Structures are given as structure tokens and as C-alpha cells.
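Structural features, examined
Read off the chains here:
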2 protein chains.
Amino acid sequence: MHRTKVKVVEDALDANNTIARANRADFDRAGVRVVNLMSAPGAGKTALLERVVADLPGVRVGVLEGDVQGSLDADRLAALHVPVAQLNTDPGFGGECHLDANMVRSALPELPLGEIDLLVVENVGNLVCPAEFKVGENVRVMVSAITEGEEKPLKYPLMFRACELVLINKMDLLPHLDFDLERFLYNLDAVHPAVDRMVVSAKTGEGIERWREWLARVGRASEPLGAPA
Amino acid sequence: MHRTKVKVVEDALDANNTIARANRADFDRAGVRVVNLMSAPGAGKTALLERVVADLPGVRVGVLEGDVQGSLDADRLAALHVPVAQLNTDPGFGGECHLDANMVRSALPELPLGEIDLLVVENVGNLVCPAEFKVGENVRVMVSAITEGEEKPLKYPLMFRACELVLINKMDLLPHLDFDLERFLYNLDAVHPAVDRMVVSAKTGEGIERWREWLARVGRASEPLGAPA
């Protein structure tokens, strides 16, 4: 029984990877770079996008918003005059906890791929399954808010391992928390040594210029990238 | 194709419900009440348990800790001399994002059911799937940290609907956040009108006595409960 279960799951991930590669081929043909943006609920993904998407030097950006239900985040970003498409995962099964490659594929006709250089896919807030399902991205960025505690890399290692950049957000709250940044970085290095990391605050603007430059560099197709499948 | 997928998932949930009922029957026979405790990562489930489990008047408590990996939270609770069993969800598939009834069933032999009145199952940190999988509990409690924002009930409605109590945690940070408590409560009432709710701070102790009394009342088998299956 146990063996059967594992086999089914591997097949599901195989199918996902097949579709992710097809998405990636379409993005490549259109000259669009893709970022998969992930975090726990409320870590500040949308706020960190609001800070930068309207002004990425030389890069036209679009956003694909993933939510279980509603379009609150998409509305916030559309207000910045950036093309935004909404994916809701609630049809069937009370809400999927992640985006998968097929959901993103179903949204491709809604995306003006010919008019953008960079697509940011804002995943469902969750530290587990989004890391297991590629959607066709070039790079993965995760946001970890310091309000979530220092031990999160140890408790959700796959998420912290599966990304190219960790944004350590809500640094404005540091004086009010029992949070030891050195300890967090130690835990991060234990699961993903030397991964790029930036301390930022979407509220005060701390670190936002570095984040803007990082994202703009990904969006410039002339610049090389180490790339997940 | 779509129909086939939905069918499989419904079967999976049916099987889960069957096992959840078997767990519940075993808990009832042992005279143990069960709480399923859920939240996003880092909302403070363990901290809120640390505050109360060693001193629940007239109630002997045990804890079943669910984590993708590691035993950091179980270690914190075991330090309070409370019986704790650890369930890790990482074998197979890179880590399940929730506990299900069968995982809890597999842990039953590790739990001293004859020596406790109340079992708290601390679920994996996630606002989506834990709400979809009953484990045999009498009641469900969820923790929403105010650092996560006011709109969480609208974005993760099933979780906020599936519980009997919402603990609104990290109230100590209110002066430092753009968080409108009235707005959060308005959103909560939009998805689950009149659900029990308490504003608390695991850090300062605000609201902790009410939480302690609520949990102790659940643990006293003589007191009646409205109960999910």
C-alpha cells in the first residue's frame, strides 16, 4: 500500500514537471523571464511587489496572482497599472494550497506575453507544497518575515532550499520581537548555504533598492541566469 | 479529465473521514477530548500551548506535534513535563503540508490515552489543507497572528470557517503595525459569523487566562460539546 501511494505521487510530480517544461518553452519563445514568488501567508509578497513593479528600469513586468479565493492582491497590483491575471485555486477540493504548472498553463492566454519582459507568479501563501511544484519559472524567490521566527528554515527546509533568493522581511519590527537575525542566518545556512539573502522592510523601504535591482536583472533577457528546469 | 481528478480527491477525503471517525471512537472510549490546533507558520501555536498546558485545572493534557521535519516544538513542550509525541510528515513526497487521520492513527500507540483527559494535536503550519482533513478531533482552534494582516479570513475562508475558536495572537505588536482589529473582525464575521474569538498575546500574557479556561472546559469530559464528526 505504502509503495503504491508513493508511486502515484511521483507520477503526479512527473506530469507537473512535463507541463512546467512546456510553460518554460513558451516563456522562452516569448522572451519572458519568470519568477515564482513564495512565502507563508501574510509574509509580505504583495507589499514587496507593490514597492517595485511599477519602476523596474528597462523591464516591463506582469503579475500572475495565485490565491485560494478572491482578488484582493491582484486589485492592489492592478492599481499600479501593471498587467495582472488572477488564478483562484478554490474550484474543487476546498482550495488547492499551491499553484501547479497546469494552473499556470491555463492562465497563459490571459497574459500579454508579447508586451512584458518579466512575469512574477505570486504563489499561494504556504511554506510546504509550492516548493514541490515547478510552474515553468527561471528563478524562485521566497519571503520569510521575521515575525515567523528564527527556526523556520529548519522546519520547512525544502522551501528554503528550493529558492535562489530569500527576502527577510518586516525588519522594521525587529526592535519589538525576540528575533535573533544571526540565529536565523545560521539556520538558513544550515539548509541552503550561501543562498542570496536580503534584509528588507516593505514598510520602511529598507533594502528595497537592492530587491528592485535583483528583480530587474532577472527581467533583462540579455543577462545570463542559472536556471531551474 | 477534470471529473476524474475530482473523483479521486473525493475518495481520498472519504477515506480520511472514515479513519477520522475510527480515531474519534478510540478517543471517546478512552475518555479523551481532542483539539486540532491550526495556523499559518509562525503564528504562535506552540507559544500559546506553552503558556497553558502545564496548568489546566483538573485536566491532564498530552500533545501530538505535527511538523514537516524536526522536533523543535515537541522539545519545547516536553520541557514542561507534558507527554508529547512527534509526527513528521516528510517521508515521501518532500513533506505533506497537513496532518491527516491516518497519520494521527499511526501515532495512537505512542500516546498514553489512559493517562490524559485532553489531547492537543498541533497541526503543520498552513492555512489551507489542514482545514480539509479531520483527524478525529472534537473541536478545532485556529491562531491568526495580527502580523499576517486583516484580510486573511477572506483569502483562506475554509480555515476560518472550519474552527470553533479563533485566537487572534501577537496583540503586543498592535502599536507597531498597520492592523485594524475592527476590520479583521468584520472580515472574520463575513466568513464565520459569531465564531468564538479571543485577542491574546503569548508574549505579554494578554487574554491567556480566557484561553486556559476555554481549553480546560473542552478537556473536562463531563461538559457537553458541540462536536464535528
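Source: prediction; values computed, not measured.

**Focus: the interface of chain B and chain A**
In this complex, chain B contributes 39 residues to the contact, which on the side of chain A involves 39 residues. Around 3300 Å² of area is buried between chain B and chain A when both sides are counted, 61% of it from carbon and sulfur atoms. Summed over the shared surface of chain B and chain A, the number is six salt bridges. Note that D178 of chain B is salt-bridged to K203 of chain A, the shortest N-O span being 3.8 Å. Here chain B and chain A share nine residue pairs in polar contact (both at pLDDT 80 or more) between them. Among the secondary structure elements, those contributing two or more residues to the side of chain B that touches chain A are α1 (2–30), α3 (72–78), α5 (152–155) and α6 (157–161) of chain B. Residue composition of the side of chain B that touches chain A, grouped by class: 19 nonpolar, eight polar and 12 charged.

**Here we look at the relation of the copies chain B and chain A**
Superposing chain B onto chain A takes a rotation of 180° plus a shift of 0.0 Å along the axis, which leaves an RMSD of 0.0 Å. Both copies are brought into coincidence by an operation consistent with a two-fold rotation axis. Measuring from the rotation axis to each C-alpha of chain B, the shortest distance belongs to N126 of chain B, at 3.0 Å. When the interface residues of chain B are mapped onto chain A, 100% of them again lie at the interface, so the same face is used by both copies.

**Brief notes about the pattern of salt bridges**
Should the charged atoms of two oppositely charged side chains come close, the side chains can pair. Under the defined criterion, the tally for this structure stands at 28 salt bridges over all chains. With a shortest N-O distance of 3.4 Å, R24 of chain B and D28 of chain B are connected by a salt bridge. Taken together, the residues R24 of chain B and D28 of chain B, both in helix α1 and four residues apart, mark about one turn of the helix. The exposure class of D28 of chain B is partly exposed, given its relative accessible area of 46%. E50 of chain B is paired through a salt bridge with R76 of chain B; the nearest N and O atoms lie 2.7 Å apart. Taken as a pair, E50 of chain B in helix α2 (residues 45–50) and R76 of chain B in helix α3 lie far apart in primary sequence, 26 residues in all. You can call E50 of chain B partly exposed: its relative accessible area is 29%. Salt bridges here are not isolated pairs; linked through shared partners, they connect E50, D67, D73 and R76 of chain A together with K155 of chain B.

**A look at helix α7 (residues 181–191) of chain A**
Residues and elements named next belong to chain A. Taken residue by residue, α7 has L181, F184, L185, N187, L188 and V191 as its buried positions. Seen end-on, α7 carries its buried residues on one side only, within an arc spanning 160°. With respect to the buried face of α7, the exposed residues turned more than 90 degrees away are E182, Y186 and A190. On its buried side, α7 packs onto β5 (139–145), α5 (152–155), α6 (157–161), β6 (165–169) and β7 (196–199). Where α7 begins, one side-chain oxygen reaches toward the backbone nitrogen of E182, 3.0 Å away; that side chain belongs to D180.

**Digging into the sheet that holds strand β3 (residues 84–88) of chain A**
Residue and element names in this part refer to chain A. Across the sheet, seven strands lie side by side as β3-β2-β4-β1-β5-β6-β7; this open sheet has parallel pairing. Each having just a single partner strand, β3 and β7 make up the two edges of the open sheet. Each adjacent strand pair in this sheet contributes to an overall mean axis angle of 20°, direction not counted. Where β6 and β7 come together, four bridges link them in parallel fashion. Bridging from a neighbouring strand, L167 pairs with M198 of β7.

**Some words on the side chain of N187 of chain B**
For N187 of chain B, the position within the fold is in helix α7 (residues 181–191). Other than its neighbours up to four places away in sequence, N187 of chain B contacts E150, E151, P153 and L154 of chain B.

**Comments concerning empty space enclosed by the protein**
Evaluated as defined, the whole model comprises two cavities of 30 Å³ or more. Counted as a void, the largest cavity has a volume near 60 Å³. Every residue lining the largest cavity is counted, 13 residues in all, and those nearest its centre are P41, T147 and E148 of chain A together with T147 and E148 of chain B. Residue composition of the lining of the largest cavity, grouped by class: five nonpolar, four polar and four charged.

**Describing the pairing of strand β4 (residues 118–122) of chain B**
All names here are of chain B. Along β4, five of the five residues are buried, which leaves the element largely enclosed by surrounding structure. Residues L118, V120 and E122 point to one face of β4 and L119 and V121 to the other, with burial holding for every one of them. Across five bridges, the pairing between strand β1 (residues 33–39) and β4 is parallel. Bridge pairing in β4 links L37 to E122.

**Remarks on the side chain of E122 of chain A**
Residue and element names in this part refer to chain A. Tracing the sequence through the fold places E122 in strand β4 (residues 118–122). Notably, E122 is buried but unbridged: the nearest opposite-charge side chain belongs to K45, and the N-O separation is 4.3 Å. A distance of 2.7 Å separates the side chain of E122 from the side chain of T46, its partner in a polar contact. Beyond its immediate stretch of four places on either side in the chain, E122 contacts L37, K45, T46, L49, L64, E65, G66, D73, L77 and L99.

**Section: unusual backbone geometry**
Positive phi, close to 70°, is recorded for K170 of chain A, a residue that is not glycine. Along the chain, K170 of chain A turns up in the loop between β6 and α7. Overall, K170 of chain A belongs to the buried group, its relative accessible area being 13%. Here the phi dihedral of A194 of chain B falls at roughly 65°; this positive angle occurs in a residue that is not glycine. On the secondary structure map, A194 of chain B appears in the loop between α7 and β7 (196–199). Judged by relative accessible area, A194 of chain B falls into the exposed class, the value being 68%.

What counts, and where the lines are drawn
- The numbering scheme is per chain: residues are counted from 1 as the chain's sequence reads.
- The naming scheme follows written order: chains are lettered A onward, ligands numbered 1 onward.
- With the structure being a predicted model, the display of local features is reserved for residues of pLDDT at least 70 and the display and counting of side-chain atom pairs for 80 or more, all residues being used for whole-chain, interface and lining totals.
- No hydrogens and no water enter the side-chain calculation; it runs on all heavy atoms of the structure.
- In this analysis, two residues are considered to be in contact whenever any of their non-hydrogen atoms come within 4.5 Å of each other.
- Once two parts are brought into contact, the accessible area they lose, counted with a 1.4 Å probe and summed over both, makes up the buried area.
- We count a salt bridge whenever a side-chain nitrogen from Lys or Arg sits within 4 Å of a carboxyl oxygen from Asp or Glu.
- Polar contact criterion, stated in full: a pair of N or O atoms within 3.5 Å, where within protein one must be able to donate a hydrogen and the other to accept it, and residues adjacent in sequence count only if both atoms are side-chain atoms.
- Put simply, DSSP marks the helices as runs of H or I at least four residues long and the strands as runs of E at least two long, and each gets a number from the N terminus on.
- Here the nonpolar group is Ala, Val, Leu, Ile, Met, Phe, Trp, Tyr, Cys and Pro; Asp, Glu, Lys and Arg are the charged ones; every other residue, Gly included, is treated as polar.
- For this overlay, a least-squares fit was computed on C-alpha atoms, restricted to residues scoring pLDDT of at least 70 in both copies.
- Residue burial is assigned from relative accessible area. The probe radius is 1.4 Å, only protein chains are included, and a residue is buried under 20% of its type maximum, exposed over 50%, and partly exposed in between.
- Read the arc as the range of directions from the helix axis to the C-beta atoms.
- Pairing between two strands requires that DSSP report at least two bridges joining them.
- For every element, the axis is a line fit to its C-alpha atoms; helices are fit only across the contacting stretch, and the angle between N-to-C directions ranges from 0 to 180 degrees.
- Both cavities and pockets are sets of points on a 1 Å grid over the protein atoms alone; in a cavity a 1.4 Å probe fits but cannot get out, in a pocket the set is open with protein on both sides within 12 Å along at least five of seven lines, and lining residues sit with an atom within 4 Å of a point.
- Grid points are joined across faces, edges and corners, and a volume is the space filled by probe spheres set on the points.
- Residues counted as positive are Lys and Arg, residues counted as negative are Asp and Glu, and His and the chain ends are not counted.

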